[in-house]
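Given next are the chains, with one letter for each unit.
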Amino acid sequence: MNDCIFCKIANGEIPSKFYYEDEKTIIIRDIAPQAKLHYLVIPKEHYTDITELADKNPDLLQHLFTVIAEKKEELGLTNGFRVITNIGEDGCQSVKHIHVHLLGGEKLSEKMG
Ligand code: AMP
């Protein structure tokens with residue numbers, strides 16, 4: 001996936017501050033935050049969306065959520081947060097490399113859609 005922006009961030013081609021990194025995962029801050037704290041949890045390996053990831057690599061999907069559970073407090077998400085992953089056209093997915101949004105650091109809107 002040569003022109004994938006999240007592949008380029010994950011492999012260091014595009015510099016970005018990593019708030020967490022392991023061999024399979026990075027966490028960055030969203031460039032256009034929609035909450036006081038807005039992170040993106042991104043697997044280094046390219047999958048289009050969470051359904052493809054669940055189908056092809058369920059262990060990696062589980063790993064993403066294990067990382068979220070283990071790192072939430074270090075990320076400042078101490079009082080709850082929202083987990084969103086957009087899929088496809090109707091889901092308004094703009095980057096076609098699976099990523100999980102973590103929104104928090106403040107009381108969020110009750111509306112989700
Ligand atoms: P989605 O609409 O769910 O595909 O979300 C893609 C997200 O990636 C958006 O919230 C963008 O603000 C964010 N984004 C795009 N480019 C970058 C970048 N270079 N660094 C950090 N976040 C980015």
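Each remark here, short or long, concerns the structure printed above.
Novice: Residues and numbers for the packing of aromatic side chains, please.
Specialist: Here the distance between the centres and the angle between the planes together describe a pair of aromatic rings. A complete count under the given rule lists 1 aromatic pair for this structure. Seen in terms of ring centroids, Y19 and Y39 are 5.7 Å apart; in terms of plane orientation they differ by 70°. Their pairing is edge-to-face. Pair noted here: Y19 is in the loop between α1 (5-10) and β1 (20-21) and Y39 is in strand β3 (residues 37-43), with a separation of 20 residues, a long-range link. Taking the relative accessible area as the measure of exposure, Y19 reaches 34% and is therefore partly exposed. Judged by its relative accessible area of 3%, Y39 falls in the buried class. Geometry around Y19 places K17 over its ring, the cationic atom sitting 5.0 Å from the centre.

Novice: So what's going on with the side chain of D30? Residues and values would help.
Specialist: By secondary structure assignment, the location of D30 is in the loop between β2 (25-29) and β3. A distance of 2.8 Å separates the side chain of D30 from the backbone nitrogen of A32, its partner in a polar contact.

Novice: Now, about the pairing of β2: what can you tell me, with residues and values included?
Specialist: Counting buried positions along β2 yields 4 of 5 residues, so the element is predominantly enclosed. Direction of pairing for β1 relative to β2: antiparallel, over a ladder of 2 bridges. Considered in β2, the bridge of E21 is made with I26. Here β1 folds back onto β2 in antiparallel fashion, the turn holding 3 residues. In terms of strand pairing, β2 meets β3 through 5 bridges, oriented antiparallel. For I28, the partnering residue across the bridge sits in β3 and is L40.

Novice: Tell me about the environment of K107, and name the residues and values.
Specialist: On the secondary structure map, K107 appears in the segment after β5 (100-104). Look at K107 and you get exposed, because its relative accessible area is 79%. Residues K107 and K36 lie 71 residues apart in sequence; the distance between their C-alpha atoms is 9.3 Å.

Novice: Tell me about the site of the ligand, residues and numbers included.
Specialist: Near the ligand you find 16 residues, and of these D30, N86, S94, V95 and H101 are the closest. C92 places a main-chain nitrogen or oxygen 3.1 Å from an oxygen atom of the ligand. For the ligand, an oxygen atom lies 2.7 Å from a polar atom in the backbone of S94. Alone, the ligand offers 510 Å² of accessible surface; in the complex the protein occludes 83% of this. Looking at the shell around the ligand, the elements that each hand over two or more residues are α1 and β2.

Definitions and cut-offs
Residues numbered from 1 in each chain as written. Predicted model: local features only at pLDDT ≥ 70, side-chain atom pairs only at ≥ 80, totals over all residues. Heavy atoms only, no water. Phe/Tyr/Trp six-rings, centres within 6.5 Å; stacked < 30°, edge-to-face > 60°. Helix = DSSP H or I, 4+ residues; strand = E, 2+ residues; numbered from the N terminus. Buried < 20%, exposed > 50% of the residue type's maximum accessible area, 1.4 Å probe, protein only. Lys NZ or Arg CZ within 6 Å of the ring centre and 35° of its normal. Polar contact = N/O pair within 3.5 Å; in protein donor to acceptor, adjacent residues only side chain to side chain. Pairing = 2+ DSSP bridges. Near = heavy atom within 4 Å. Areas by Shrake-Rupley, 256 points an atom, 1.4 Å probe, with all protein chains shown as cover.

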